[in-house]
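A look at the structure
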8 protein chains.
Amino acid sequence: MDKRQLLEVLDQVRGGAMSPADAAERIGTVPFAEVAHAVGSTMIDHHRELRTGVPEIVYGASKTADQIAAALTELAARGGAAIATRVDSAKADAVKRLVPEATVHELARVVMLGTRPDRPPAAEIGIVCAGTSDLAVGYECQLVCEFLGAPARVISDVGVAGVHRLLARLTTIRQCDVVVAVAGMEAALPSVLGGLVDAPMIAVPTSVGYGVSIDGLVALASMLSSCAPGITVVNIDNGVGAAIAAVRIARMGR
Amino acid sequence: MDKRQLLEVLDQVRGGAMSPADAAERIGTVPFAEVAHAVGSTMIDHHRELRTGVPEIVYGASKTADQIAAALTELAARGGAAIATRVDSAKADAVKRLVPEATVHELARVVMLGTRPDRPPAAEIGIVCAGTSDLAVGYECQLVCEFLGAPARVISDVGVAGVHRLLARLTTIRQCDVVVAVAGMEAALPSVLGGLVDAPMIAVPTSVGYGVSIDGLVALASMLSSCAPGITVVNIDNGVGAAIAAVRIARMGR
Amino acid sequence: MDKRQLLEVLDQVRGGAMSPADAAERIGTVPFAEVAHAVGSTMIDHHRELRTGVPEIVYGASKTADQIAAALTELAARGGAAIATRVDSAKADAVKRLVPEATVHELARVVMLGTRPDRPPAAEIGIVCAGTSDLAVGYECQLVCEFLGAPARVISDVGVAGVHRLLARLTTIRQCDVVVAVAGMEAALPSVLGGLVDAPMIAVPTSVGYGVSIDGLVALASMLSSCAPGITVVNIDNGVGAAIAAVRIARMGR
Amino acid sequence: MDKRQLLEVLDQVRGGAMSPADAAERIGTVPFAEVAHAVGSTMIDHHRELRTGVPEIVYGASKTADQIAAALTELAARGGAAIATRVDSAKADAVKRLVPEATVHELARVVMLGTRPDRPPAAEIGIVCAGTSDLAVGYECQLVCEFLGAPARVISDVGVAGVHRLLARLTTIRQCDVVVAVAGMEAALPSVLGGLVDAPMIAVPTSVGYGVSIDGLVALASMLSSCAPGITVVNIDNGVGAAIAAVRIARMGR
Amino acid sequence: MDKRQLLEVLDQVRGGAMSPADAAERIGTVPFAEVAHAVGSTMIDHHRELRTGVPEIVYGASKTADQIAAALTELAARGGAAIATRVDSAKADAVKRLVPEATVHELARVVMLGTRPDRPPAAEIGIVCAGTSDLAVGYECQLVCEFLGAPARVISDVGVAGVHRLLARLTTIRQCDVVVAVAGMEAALPSVLGGLVDAPMIAVPTSVGYGVSIDGLVALASMLSSCAPGITVVNIDNGVGAAIAAVRIARMGR
Amino acid sequence: MDKRQLLEVLDQVRGGAMSPADAAERIGTVPFAEVAHAVGSTMIDHHRELRTGVPEIVYGASKTADQIAAALTELAARGGAAIATRVDSAKADAVKRLVPEATVHELARVVMLGTRPDRPPAAEIGIVCAGTSDLAVGYECQLVCEFLGAPARVISDVGVAGVHRLLARLTTIRQCDVVVAVAGMEAALPSVLGGLVDAPMIAVPTSVGYGVSIDGLVALASMLSSCAPGITVVNIDNGVGAAIAAVRIARMGR
Amino acid sequence: MDKRQLLEVLDQVRGGAMSPADAAERIGTVPFAEVAHAVGSTMIDHHRELRTGVPEIVYGASKTADQIAAALTELAARGGAAIATRVDSAKADAVKRLVPEATVHELARVVMLGTRPDRPPAAEIGIVCAGTSDLAVGYECQLVCEFLGAPARVISDVGVAGVHRLLARLTTIRQCDVVVAVAGMEAALPSVLGGLVDAPMIAVPTSVGYGVSIDGLVALASMLSSCAPGITVVNIDNGVGAAIAAVRIARMGR
Amino acid sequence: MDKRQLLEVLDQVRGGAMSPADAAERIGTVPFAEVAHAVGSTMIDHHRELRTGVPEIVYGASKTADQIAAALTELAARGGAAIATRVDSAKADAVKRLVPEATVHELARVVMLGTRPDRPPAAEIGIVCAGTSDLAVGYECQLVCEFLGAPARVISDVGVAGVHRLLARLTTIRQCDVVVAVAGMEAALPSVLGGLVDAPMIAVPTSVGYGVSIDGLVALASMLSSCAPGITVVNIDNGVGAAIAAVRIARMGR
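Below, the structure is looked at part by part. This one's a predicted model, so the numbers in the text were calculated from it and none came from an experiment. (Residues numbered from 1 in each chain as written. Chains lettered and ligands numbered in written order. Predicted model: local features only at pLDDT ≥ 70, side-chain atom pairs only at ≥ 80, totals over all residues. Heavy atoms only, no water.)

Some details on the pattern of salt bridges
Defined as follows: Just to be clear on terms, a salt bridge is a Lys or Arg side-chain nitrogen sitting within 4 Å of an Asp or Glu carboxyl oxygen. Numbering of helices and strands runs from the N terminus, with a helix taken as a DSSP run of H or I at least four residues long and a strand as a DSSP run of E at least two residues long. For every residue, the accessible area obtained with a 1.4 Å probe (protein chains only) is divided by the maximum for its type, and the residue is called buried under 20%, exposed over 50%, and partly exposed between those limits.
On inspection of all chains with the given rule, the structure shows 32 salt bridges over all chains. Close ionic contact of D:Arg14 with D:Asp11 constitutes a salt bridge, the shortest N to O distance being 3.2 Å. Taken together, the positions of D:Arg14 and D:Asp11, both in helix α1 (residues 3–14) and three residues apart, correspond to about one turn of that helix. Take D:Arg14: its relative accessible area is 46%, and that puts it in the partly exposed class. Here H:Arg86 and H:Glu140 are joined by a salt bridge, their closest N and O atoms 3.7 Å apart.

Thoughts on the interface of chain G and chain F
How big an interface is tends to be expressed through the accessible area that disappears when the partners come together. As a reminder, the rule being used: Contacts were defined at the residue level, with two residues in contact if any of their heavy atoms lie within 4.5 Å. Take the accessible area each of two parts loses on contact, using a 1.4 Å probe, and add the two losses: that sum is the buried area. Under this definition, polar contacts are N or O atom pairs within 3.5 Å; protein pairs additionally need one hydrogen-donor-capable and one acceptor-capable atom, and for neighbouring residues in sequence, both atoms have to be side-chain atoms. Here the nonpolar group is Ala, Val, Leu, Ile, Met, Phe, Trp, Tyr, Cys and Pro; Asp, Glu, Lys and Arg are the charged ones; every other residue, Gly included, is treated as polar.
Each side of the interface is counted separately: chain G has 21 residues, and chain F has 21 residues. Interface of chain G and chain F: buried area, both sides summed, is about 1800 Å²; carbon and sulfur atoms make up 72% of it. Contact with chain F buries surface across chain G, with G:Ala161, G:Glu186 and G:Ser225 losing the most and accounting together for 29% of the total. Applying the counting criterion to the chain G and chain F interface returns zero salt bridges. Our enumeration of links across chain G and chain F arrives at seven residue pairs in polar contact (both at pLDDT 80 or more). Here the side of chain G that touches chain F takes four residues from helix α10 (residues 217–224) of chain G, the largest share from any one element. Across the side of chain G that touches chain F, the residue classes break down as 14 nonpolar, six polar and one charged.

Brief notes about the interface of chain D and chain C
Facing the 35 residues of chain D at the interface are 34 residues of chain C. Taking both partners together, chain D and chain C bury about 2600 Å²; carbon and sulfur atoms supply 60% of that area. For the interface between chain D and chain C, the tally reads zero salt bridges. Applying the counting criterion to the chain D and chain C interface returns two residue pairs in polar contact (both at pLDDT 80 or more). Mapped onto the side of chain D that touches chain C, the elements with two or more residues apiece are α3 (48–52), α10 (217–224), β11 (231–233) and α11 (239–252) of chain D. Among the elements that line the side of chain D that touches chain C, the one with the most residues is α11(D), at seven residues. Here the side of chain D that touches chain C is built from residues that sort into 19 nonpolar, 10 polar and six charged.

Now the structure itself:
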């Protein structure tokens, strides 16, 4: 409730059109819906999109198939479409049985339901993946970007150990308005790319690697330590966070 | 050298206006200048701004006052202005003696030289600092934003332990096109802010704290783990990186 | 044996009502019972409740179903009731087969046996959970509080990324005499709450999260680094410890 | 502003005693004062005590002597008294020169100004320190407790490597209503104490130790891993946090 | 080959009883046997016991059942008896099928074969275990002590959270010539015990615990940081290492 | 494309033998082939061997059997032979079903396809393994060395706890031109060996160990901290990296 | 007070020779002395030696010169002699000014006062130091051993990177009854030595090293991970702890 | 002593030209010299160069100026020249006063004494430094290479954030027979270089960086995780180790 709305309510109180109790209720009430599901209930925040520009995205890793299906259905009923991430294939199958009209993207571990309304065009997002193993995170990012209304393309297999492969794609990458760089292991890709493009760049470390890579922590720390200034970073394997950040930026350029 | 320029060179070769040797020279040459200073020499990358949209910023922590003064002078001679960060007060004094026309910003540990040419207006950047102790990083960020041509304001002392202080400033913050959130200790500020604004947000962890805070690592990890999606993060105390990222985004909105 | 009891024994010795040998036995004896079970035997400490105000709670994670069942039976036989935590569903089924009158709380991973005698009323405990994924720990905490005789309610889904959801519940939370705040990921909830309530607050980090969250270590460190002073913290996912601490405090307020 | 206050405002609006604009102002206004000092300004939160039961305590480690003196003066002017912690002896001398009526507690690194009004009596707090080296943190805790109106006594040199020393003080410790246990190195004190007392217990790890102790991290982790249930923990060397937590509990017992 | 043996060989060379080539062979030869098994072959070091006082103990965790069976058979054929540790129950079953005369100790994860010859008596070893969960490591230690010829007894369930339980067993523990203290979680047992006994003490951290315990690392660090001086420590769950160290000491006291 | 080739192209442009567009295409084109497989496609870098002296080696851990089979087939079709590492036995079976002519080395987790052409002889590589448990990594290293054309022998079971076993093999080891030392746990082997040989030495830490060994991190750090100077180190269990480094060195000695 | 003493007291009570109150006092009293010094007071535990076989050793690092001098004087007055460790040279000078008869050992950072009474001979302790940089810890260990009545010799500069230097001293080392191995960096010394001697061995990691050595943590972890079984370990740079452990063992062999 | 030398000794014994005692002495003796200096004495290992191909290099960080001067003098007296590293400027001045003919290289923190005899030419070593801040380590490496008889050149300021600067130097780098890559921060240089050259490559992480860089640990881990295979790594800032490794390889190519 912003100041204008508050003044309207207060005017109605003054005018007698609204009782103080109703006004107090109105001022203090926050709209939530309760979704019934197997265990307890989850409050879904329907005003989130108005407030933050991004609707709720269901994080599947810590939810049961029942909870995912209920949340997708509830969200899609209101927003036209809904998306869940980190849904492994067993869970995805179970969700699909509960909500047959859902679409499953296996490699990206994403389940989608419904169609989002048309949105004003946004600037284009380029998702650059260092290696084949980084594609799952890259595709998750791409699907979330598109769900949020921004066109996104994946450019893959351009790891820095073959820097000419990256240079060969440079023109394409430089045409993107926002760049997401996805890499595991030593994660040198954003450092090289950071010296070659002038677009805002978001780096996503992945858990690809072994031994001293420590499940992506080294890729993360490497990106944060980059000698190429102006790179921002999200959590390990966090394709969703990168997508939301990228879309917020892309909307500025539309 | 982009494809268009390459074709021009090749046309000149075909037309005889340029010899193959000159063309090979032209295609293969990378322009650098060498700046003489006390120990060895540093290559300054004059094309960096063309390539990445951001001129070189002198990182003072690992340089002597001599090296900082030489780099500032060289960069300002070509670009009109130059800036050095992480210059402690002793070094800043020494630089000032060598380059009297330089300006020193003590709390922000910044030294500037010269004036940048006018630039097209960019969207406004809001730098939100959780506590007084985070202001040094916040001011460093502000000075670099302005050096790069983007207006930036600092909003301070809005830590989440007094969430009403943050809410009191919310209208101001929501007017900014890009938000930089600076916080140390448990760094909860971006999580709360992330649920209240729809602008792109960059979080800067600071080394403020003690004990288990481990020099800012917990603030960093906390920001990366945020339950508010779409927040991107830079290295600890990295006001410069946040500024560059913010300015790149702000330019999309101008 | 406290000083008063010691003097009574010594008086009996002086009066000849007790022999020195019996007195030595009496003074030096520590009462234990041995519970037979499948592997070796466990000493159960029946005086613990007199000494610490809290009876033994069976930690199920490192015990077999046989050991859990034996310990519950022995403890309930003496204290009227017994409780075991961290009992996964397979173990819980096995315990239930051995002790059919036990009650299983699946999400909370708790098994209870018997009824505790009535206790003097204690102040009310509020258990505030940031997200749905934190509920398992929250319910474990609630069950242990109630087992120990203190009323406890769970307030859920009030994560700080939607701070209005927390504010909407603030009146309810402020009515509680002791607050337990349960959160994973960056665990910002206690920092925000810590600035809004004046009750003693115990924070429980959970292992919810991924990547840099490192199984709850970041949530733990974040809570310990909180800018809201006076928050105390227990181990990751330690709903039991939080419950015992909360009940000890609640008893002061009865 | 709670619901009752809101209804009063709304009643005044309905009755015409207050205009909607004034009411909007009233509902949305948050009271702050600005304190001028050397660098920028710090918002001091005068309603904090009403909200959280604890006035602002000045954290001296990250402030200059000027900032500390200004904050103490401002806070004491309104609340009758003020306290600053983590003020090393050099800073304390400088503060004393600026505010001669301040009192310096050197070992505890505390500076106080003014006298707090009488407060209702609270239950007694016992601060148990394992070794001589833990006393600085113990005294800081004691001074903050007393500043907040709760009587506190320090019981020292009862480390577990001479467990009879602890047992010799047990009667004294058991008489306290709230126990704060301060220990460095392996920090076994709260585990032993936790099995002997029934009062709420707060453990404070200290940075005493060397080598694998890692500046108190092992003491912290050891306390969090304690086999004695119900112990809560604060950050390393955080005597202030422990004091605030203890006082909040002690107030329940008055 | 010691100096005496070398002189004998050289005397034989001088006397012509041995050729220089044979002597060179003799001096340079190190006796090994090769044991055939499924994958490659393992050199077993038959002189190890002469050199270090301890025969080879088979570490089962990184070997197949085939390798364990072959090593036990080979070692027992020469030394009369052999022992393998860290043999989980599936592997133990497989070894038992290959070597039916072997004895399996399931909780201790130990497999033994044959009988060691009588040995001179050694001083008695007391293995003190904090909790039931530490017994597996305690029993492994006991079996290895006895295999190496030293009597060892296990004293269990004397964790410091019920310090009277420990004191009740103190006379028994003080009768032991060498003490092994086994504990997980915060591992406070050796600190308390270290102030009560004068025997050499070896501490074994166990991986019992959760959350911040980090698989026994905190127990380990806690023991190394102990305020009770003179405690030595072995790796996490390393009952074998503690047994060998204890037996070496016990032999000094026989 | 080196300068000579560039001049040739430019000469053809000047002479009219090549159009500027074709030349631009030629200068800018990097040769890649696309291999179709189940999910997406992988760019295989056929020029890698020319550039780095080493063909692509398929890293099996993060690929499906389908992807491994496709990559091996494609690479072998061009280079005569191909090799995949970190292929567990289930995947290896699946690859073998898809490409029956492949050879599986189970312990080394390697799958090979085809025959490499004869190569000029290289110096000999000695792979010294501390214990039986390090052999898997040692054999992986050996197979990759031989795939790359360098003779390699494995010398095993020479851990430093029986230093005479190492000394007994010293003559053999000193005959090698390049030494690879493979060890887990405390990884002391390279330190001892480093003082006894003058050949270039590469150390490979393995994840053998438990408790404080932390999956090989201690072995790695120990090797990097070695008091024997001049030892270089690769990632944990990285037999492939050690092999490539060793072969590059061995080629210098041929 | 043991059972026999308790029975005597009780007999006196029965016979009327002692009142119950006196008996209660007697049973409950623990003897301490209070030493006055600059800040507060430290309880010195005069029964410690009777209980643990080792008198109090003053840990100088966290005490002022005043506190060290007072403790040394008090301890020497009762036990004939006293020792303080970790006394840096500035503090040592100050202590010497306060207690001129004290002896300062600068490299070992030890201050001693008085002469210990003759003690029964103990077995000999050998302190083996890997490098020159480890000598400070080695000498501290030697001085404490001798203070406790056990002969100790230092054998230095036998690091494993020149294993022949170690072998050259092997006869000497094997003559020691107890071995203390002191090493920094990768700390391979105890692993090699552990395979060559049959005496009890205590390993002391030192903070010698840089980079990945992390202030001795790698040396510590390396020793704990040793492939030579039966090595026990103390905290980093803990020469005192190693000395006490060694002396306790040496007393068994006298 | 190798087998041939042993046979010669034995032949002399057989022939009576050497007594068994002398032979035993001869076989068992290891040649050392003792260098007197201020504190204790250091064994210098004069056979080290014969055994490992590299003479002793004095590590100055943990030695006094006296010890450094004595060691340099002793080593130079025998080998013609000597070198000490990690000698800060204060120590270097003190050494220079003690040994005026020594040469000090301030940035590289190296002190040299005397001239090494001519050596057979070795292959050329290229030392590639990412940034100006890495030069100290690069120059240390270069001086040690040249001390050991191998020509080495430094190529600097070719960090990957300006990849064209690296490509501009590529021809020069590819002409080197061995490559040492020196980089701090995220240390991406060896990954890019590793895909462009076929020479053996040694990577040296430096402690350049801040925040999450953790004193070079991230640069180290990044290099070990490199996606470019065949890169070997040494400890942080370890220019000496890299030089020795590089020279050993360079000797193979001479």
